[in-house]
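A look at the structure
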Amino acid sequence: MGQRIVIVGNGEINEGVADMINGFDLVIRFNDCRSLGPGGEKTDIVAVCNTGRPGKAMTQDVLWKESAAVKQATAIWSVRHPAKFAEMQPHILQHWPELDDFCSDYSDAFAAIATSSGKEHLIIPREVHDELDRQLSAVAVDPYVCPSGGLLTIAHVLSLNETQKDTVFIVGFGHQGWNGHPFNAEKQLVSDWKAAGRLSSLSHPPLSSASQGA
């Protein structure tokens, strides 16, 4: 019997799932973990945007380092592979020149934070991003900068679960936000994973693969 894993986004979360989330074996949250409260309190992994302004802000913010979610987490995951983003930088600067600091990498700073507090630090393998680009290109209509951190994290968890021993749920994913992410294509890809039985949405009640929360 595998673990029960829930990936909690920072989007809207239905009432009544906090206790359910706290009961999972592994809870993954994102960045400033705004999901705390309606989305429960338990946090095992904080997945962070480790490049650009978000990465710089978090690594320089004492309040972030001392926040309840980060303090209790046993691991920090950097979702953007430094070498991948270094290769992407010329293309990004050509097509989106306003994103001049988008590829600045802070994964070493996150690693130092993790080490100083006895946590694991992991960088999601670039192969996950490469494969997502391949899959998204089949359904994405408009050019995009990069997949969202949420999608990179979901894809990484699923790549670790090829044997299907773990059950993986998501909640708090609205598939909307910054226009540099291909959210319509991401929504389709997540729907495909659900249809294939690899992923389910968390709703209340019961635990099901209904489309709520994703």
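Residues numbered from 1 in each chain as written. Predicted model: local features only at pLDDT ≥ 70, side-chain atom pairs only at ≥ 80, totals over all residues. Heavy atoms only, no water.

Here's the deal with the packing of aromatic side chains
- Per the stated rule, a full pass over the model turns up 5 aromatic pairs.
- Measuring from ring centre to ring centre gives 5.9 Å for Phe30 and Phe173, while their planes differ by 90°; the resulting arrangement is edge-to-face. Taken together, the positions of Phe30 in strand E2 (residues 26-30) and Phe173 in the loop between strand E6 (167-171) and helix H9 (183-195) put the pair 143 residues apart, joining distant regions of the chain. An identical accessibility class is assigned to Phe30 and Phe173; each is buried. (Phe/Tyr/Trp six-rings, centres within 6.5 Å; stacked < 30°, edge-to-face > 60°. Helix = DSSP H or I, 4+ residues; strand = E, 2+ residues; numbered from the N terminus. Buried < 20%, exposed > 50% of the residue type's maximum accessible area, 1.4 Å probe, protein only.)

Looking at the pairing of E2
- Most of E2 is tucked away, with 5 of its 5 residues classed as buried.
- The pairing of strand E1 (residues 4-8) with E2 spans 3 bridges and is parallel. Each residue of the ladder has a partner; that of Val6, found in E2, is Val27.
- As defined by bridge partners, E2 adjoins strand E3 (residues 45-48) across 3 bridges and the pair is classed as parallel. Across the sheet, the residue bridging to Phe30 is Ala47, located in E3. (Pairing = 2+ DSSP bridges.)

Remarks on helix H2 (residues 52-60)
- Here H2 has its buried residues at Gly52, Gly55, Met58 and Thr59. Buried residues along H2 cover an arc of 120° about the axis, so they all sit on one side. Residues of H2 that are exposed and angled more than 90 degrees away from the buried face: Arg53 and Gln60.
- Considering only its buried residues, H2 is in contact with E3, helix H3 (62-65) and helix H6 (107-116). (Arc of directions from axis to C-beta. Contact = heavy atoms within 4.5 Å.)

What about the sheet that holds E6?
- Taken together, 7 strands build an open sheet; the order of strands is E5-E4-E3-E2-E1-E6-E7 and the sheet is parallel. With one partner strand each, in any of the chains shown, strand E5 (120-123) and strand E7 (200-201) form the two edges of the open sheet.
- Two strands pair when backbone bridges link them, and E6 and E7 are joined in this way by 2 bridges, in the parallel orientation. Bridged to Phe169 within E7 is Ser200.

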